[in-house]
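One-letter residues, chain by chain:
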Amino acid sequence: MEKGTSVLRVKSAITAILGLLTAFWGWLGWLVVGWIGAMALDYATGSMAAAKKGVWSSASAREGIWHKAGMIVVVLVAAGTDLLIAAMLANLPLVELPVDYTGLLCPVVLVWYIVTELGSMAENAAAMGGPVPEWLLRFLLVSRLAIDHAGDAFAGEDSGENLKKTQGGTRR
C-alpha cells in the first residue's frame, strides 16, 4: 500500500502543478510550450541528421540557432501586435469589433511555426533513415497551407509583400 500511496501523491502533485500553470497562462501558454518543445526537437533532430550524414558543423548549428532566434522575434512581434490591437480596441471609442479581441495573430503564428517544425522533424527523421509516411508529409503541408490561407484572408492576400516594399523591408 505504501508504494501505491506515494505514486498517487506524485500523480496528484503533477496534476496540481499542471492545473496551476493552465490557470496562470491558459491555452496560449501551452501553445508556447509546445512551440518551444518543437523548436528544441527540430534542432536536435536536425543535428542528428547532419551528424549521420557526416556534415554537422558548428557553423551550421549556429545558423540554426540564429534561425530559431528569428522565429522568437516574429512571435514577439505577433504578440506585441495583438496587445496593441487589444489596447486600441479597449481605449479608442471610434474603433470597435463585434466580438472581444483576445488575440489572433500570436496563436496563428505559433500554430504555423509548430506545423513547420513538425514538417522539418519529419524530414530530419527521413534523413536519419526513418520511414516517414507520405500522407503525414501531405497532411502537414495541407495544414500549413490552410494556416497561410487563413492569415492571408485576415490580412489581405497581397498586403505582406507590398508592405515590405513600401516600408523598405529587407528581402533575401
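Residues numbered from 1 in each chain as written. Predicted model: local features only at pLDDT ≥ 70, side-chain atom pairs only at ≥ 80, totals over all residues. Heavy atoms only, no water.

(A) Inspection of helix α4 (residues 134–155) at higher detail. Here α4 contains 22 residues, and its C-alpha end-to-end distance of 31 Å stays within 8% of the 32 Å for a straight helix at 1.5 Å per residue. Within α4 the residues assigned to the buried category are Leu140, Ser143 and Ile147. The buried residues of α4 all sit within an arc of 60 degrees when viewed along its axis, so they share a single face. Summarising the geometry of α4, the exposed residues directed more than 90 degrees from the buried face are Glu134, Trp135, Arg138, Val142, His149 and Ala153. Close packing links the buried residues of α4 with α3 (105–127). (Helix = DSSP H or I, 4+ residues; strand = E, 2+ residues; numbered from the N terminus. Expected span 1.5 Å × (residues − 1). Buried < 20%, exposed > 50% of the residue type's maximum accessible area, 1.4 Å probe, protein only. Arc of directions from axis to C-beta. Contact = heavy atoms within 4.5 Å.)

(B) Spatial organisation of a nonpolar patch on the surface. There is a patch of nonpolar side chains on the surface, built from Val10, Ile14, Leu18, Phe24, Trp25, Trp30 and Val33 and spanning about 670 Å² of accessible area. Secondary-structure assignment places tryptophan 25 in helix α1 (residues 2–53). The class of tryptophan 25 is partly exposed, set by a relative accessible area of 32%. (Patch = residues over 30% accessible without salt bridge, like charges linked within 9 Å, V, L, I, M, F, W, Y side chains within 5 Å. Areas by Shrake-Rupley, 256 points an atom, 1.4 Å probe, with all protein chains shown as cover. Salt bridge = Lys/Arg side-chain N within 4 Å of Asp/Glu carboxyl O.)

(C) Spatial organisation of the packing of aromatic side chains. Following the criterion strictly, the structure yields three aromatic pairs and no others. Ring plane angle 85 degrees and centroid distance 5.3 Å describe the contact between tryptophan 25 and tryptophan 30, whose orientation is recorded as edge-to-face. An aromatic cluster of three or more residues is present, and its members are Trp35, Trp112 and Tyr113. (Phe/Tyr/Trp six-rings, centres within 6.5 Å; stacked < 30°, edge-to-face > 60°.)

(D) Local environment of the side chain of asparagine 124. Assignment of secondary structure puts asparagine 124 in helix α3. A polar side-chain atom of asparagine 124 sits 3.1 Å from a polar atom in the side chain of aspartate 42. Beyond its immediate sequence surroundings of up to four residues, asparagine 124 is in contact with Asp42, Thr45, Gly46 and Ala49. (Polar contact = N/O pair within 3.5 Å; in protein donor to acceptor, adjacent residues only side chain to side chain.)

(E) Focus on the confidence of the model for the protein. Averaged over all residues, the pLDDT of the protein equals 88, while 89% of them reach at least 70. Within the protein, helix α5 (residues 159–167) has the poorest average pLDDT of any element, 53, and α3 the best, 96. (pLDDT = per-residue confidence, 0-100.)

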